[in-house]
Amino acid sequence: MSWEPVIGLEIHVHLKTRTKMFCRCELEYAAGENTRTCPVCLAHPGTLPVPNVRAIEMTILLGLGLGCEIAENAIFHRKHYFYPDSPKGYQISQYDEPLCVDGKLSLQTADGGIVVGIVRAHLEEDAAKSVHMGGAQGRISGADRTLVDFNRAGTPLVEIVTAPDIHSSEHAKRFLQLLRQTVVELGISDAEMEKGSLRFDVNVSVRPEGSDELRTRTELKNMNSFNFAAKGIDREIQRQIQVYESGGQVEQETMHFDPGNESAPPLRSKEEAQDYRYLPEPDLVPLAPPRELVERLRGELPELPGARIGRLAEEVGFETAEGLVTSGRDRLYERVAGDRREVANVLMNQFAATGIDPATVNADELAKLIEARDRIPRQAFTEALAASGDKGFSAEAYLGDGQITETRDLEPLVDQVLAANPQQVESYRSGKEGLLGFFIGQVMKETEGRANPKVVNDLLREKLKA
């Protein structure tokens, strides 16, 4: 039997506000443990929450970017759960009347577009941070104790829930990359996984191919790497297929993917809504976003990454366009003149290796450098790219020592190398064509890397054939 994966995602994004969601404690990554707290976010008796208006605006902007309907009335709820990182014993979240509903995000692929439904994007507060000690990787698996840092408790958090419209680990990974870039470009979050400002849960089930049923799903919890997510999904797909094909039934549970061992031990039975005993937050009135606010935010939407991928794909192909956009280098690409595919190739390879912020680069100078790429030594080109983000960078400084490209200049050197290596020449002509690289290397050594490799290659092949 052939099986089809069914994948849904829950993405958690920290909003880039100055203060927390329901109090005025300032947010600061890497501040000393438990130094950004107050009676409100520590849930002392008698304290009352006050919503952060900027967080509400950011959530609406995200909802508009995801094509969601913005609710005329949204209600905060208490979501009850009893974990060490929840000081209240509940989380202020949204349940059946969230701020943003019924959106979609189109994922472009080489075979066409895939529309992934956005069920909801709701605003809530984050829990505290559990710091697992004693394990090799700081993860719960293998830890022997856990400490709690309450600085994060109360951080504004948007949870984006997709429909189960994804059917491969690769598409899930690329959707997450596209969504992250969208969030970053909207300016609402840094979405840095290593800092925990972007993390996601993955719901996985399998069904017979061609079926439309939704079978029992499992949840891979708190993942913070696109590659780990793809590995975890593939592992869980295979596990569930083996369970069904051996006559068993998949149990609904929450699992923790351990990337070190590529295993996913179960944490607990997966909760449903009734397990959280939702009830309306009695200390907060419903949100009623003014229509003029919604329309103002709609007018602030930029051209979103998905649209740019589709537009650039016509110039450089789908895969390169997606790479440019999701890496944030497409804006620089559009500013650099020259052959479009050559510019894209340099930005996605040699330039990417430099780690330079594309926004710091003088596009005109970079265009001059790329245009002269075949006329200057490779080392000079690499050094120039590494300096391209420096203030006052000029390509001219690297173009003076030009590459040797004229056949009449290189032919005597080629003859000299062949004459100095008669044994290798005989071996090449006897069938050991791999020696061509040896001869090219000798010519490059004689010219201190300035010879044009293509011209040298052509000359050598011609003379060795004679």
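Use the structure listed above.
None of these values were measured; they are calculated from a predicted model.

A. Region of the structure containing the overall build of the protein. Counting its regular elements, the protein contains 15 helices and 14 strands. Dimensions along the principal axes, computed over C-alpha positions, put the protein at roughly 90 × 60 × 45 Å. Among the 466 residues that make up the protein, the fraction classed as buried is 48%. Put simply, of all contacts in the protein between residues at least 6 apart along the chain, 69% involve residues at least 24 apart. Just so you have it, the protein exposes about 22,600 Å², and 47% of that area is on carbon and sulfur atoms. Put simply, the protein has 54 plus and 73 minus side-chain charges, and the middle of one group is 2 Å from the middle of the other.

B. Spotlight on the packing of aromatic side chains. Following the criterion strictly, the structure yields 9 aromatic pairs and no others. Ring centres of Trp3 and Tyr244 lie 5.5 Å apart, and the angle between their planes is 10°; on these two criteria the pair is classed as stacked. Placement of the pair is Trp3 in strand 1 (residues 3-14) and Tyr244 in helix 3 (residues 226-245), with a sequence separation of 241 residues. This pair shows no difference in class: Trp3 is buried, exactly as Tyr244 is. When the centroid spacing of 5.4 Å and the interplanar angle of 65° are considered together, the rings of Phe438 and Phe439 count as edge-to-face. When its relative accessible area of 28% is taken as the criterion, Phe438 is described as partly exposed. Here a set of aromatic residues connected by ring pairs shows up, and it is made of Tyr81, Tyr83, Tyr95, Tyr276 and Tyr278. Above the face of the Tyr276 ring, Lys79 is positioned so that its terminal group lies 4.4 Å from the ring centre. Here Arg215 stacks its cationic end above the ring of Tyr244, 4.6 Å away from the centre of that ring.

C. Representation of the pairing of strand 11 (residues 218-223) in the model. Direction of pairing for strand 10 (residues 198-208) relative to strand 11: antiparallel, over a ladder of 4 bridges. Within the sheet, the bridge partner assigned to Phe200 lies in strand 11 and is Met223. As paired strands, strand 11 and strand 12 (residues 253-255) are joined by 2 bridges and run parallel to one another. Bridging from a neighbouring strand, Glu219 pairs with Thr254 of strand 12. Between strand 11 and its parallel partner strand 12, the chain crosses via helix 3, and the hand of that crossover is left-handed.

D. Region of interest: the environment of Ala353. If you trace the backbone, Ala353 turns up in helix 9 (residues 350-354). For Ala353, a relative accessible area of 69% gives the class exposed. A sequence separation of 204 residues divides Ala353 from Asp149, and the C-alpha atoms of the two residues are 36 Å apart.

E. Representation of the packing of helix 1 (residues 53-65) against helix 4 (residues 291-299) within the structure. Here helix 1 crosses helix 4 at 60°, and the two axes come no closer than 9 Å. Taken together, helix 1 and helix 4 sit at an angle that is classed as oblique. Considering only the axes of helix 1 and helix 4, their crossing is right-handed. Counting all contacts with helix 1, which are made through Glu57, Ile60, Leu61 and Leu64, the residues of helix 4 involved are Leu293, Val294, Arg296, Leu297 and Arg298. Among the residues forming the contact of helix 1 with helix 4, the class breakdown is 6 nonpolar, no polar and 3 charged.

Criteria and thresholds
- The numbers attached to residues start from 1 for each chain and follow its sequence in the written order.
- The model is predicted, so local features are restricted to residues of pLDDT at least 70 and side-chain atom pairs to those at 80 or more, both for listing and for counting; the totals for chains, interfaces and linings are taken over all residues.
- In computing side-chain properties, one takes all heavy atoms of the structure into account and sets aside hydrogens as well as water.
- Helix and strand labels come from DSSP, where a helix needs a run of H or I of at least four residues and a strand needs a run of E of at least two; each type is numbered from the N terminus.
- Only protein chains enter the accessibility calculation, which uses a 1.4 Å probe; a residue is then buried when its area is under 20% of its type maximum, exposed when over 50%, and partly exposed in between.
- What makes two residues a contact is simply this: any of their non-hydrogen atoms within 4.5 Å.
- Exposure was quantified through the Shrake-Rupley algorithm and a 1.4 Å probe, taking into account, for residues, occlusion by the shown protein chains and nothing else.
- Positive charges come from Lys and Arg alone, negative charges from Asp and Glu alone, with His and the N- and C-terminal ends not counted.
- In this description, the location of a charge corresponds to atom NZ of lysine, CZ of arginine, CG of aspartate or CD of glutamate.
- Put simply, two rings from Phe, Tyr or Trp (the six-membered ring, in Trp's case) pair if the centres are within 6.5 Å, and we call them stacked under 30 degrees between planes, edge-to-face over 60, tilted for the rest.
- By definition here, charges over rings are those cases where NZ of Lys or CZ of Arg is within 6 Å of the ring centre and within 35 degrees of the ring normal.
- Pairs of strands are assigned from DSSP output, requiring at least two bridges between the strands.
- With the strands pointing away from the viewer, any crossover whose connection runs clockwise from the first strand over the helix to the second is right-handed.
- Orientation is described by lines fitted to C-alpha atoms, with helices fitted over the stretch in contact, and by angles between N-to-C directions that extend from 0 to 180 degrees.
- Any angle between 65 and 115 degrees counts as roughly perpendicular, while under 35 counts as roughly parallel, over 145 as roughly antiparallel, and the rest as oblique.
- Note: crossing handedness is left-handed where the near helix turns anticlockwise from the far helix by less than a right angle, and right-handed where it turns clockwise.
- The nonpolar class holds Ala, Val, Leu, Ile, Met, Phe, Trp, Tyr, Cys and Pro. Asp, Glu, Lys and Arg form the charged class, and all remaining residues, Gly among them, are polar.

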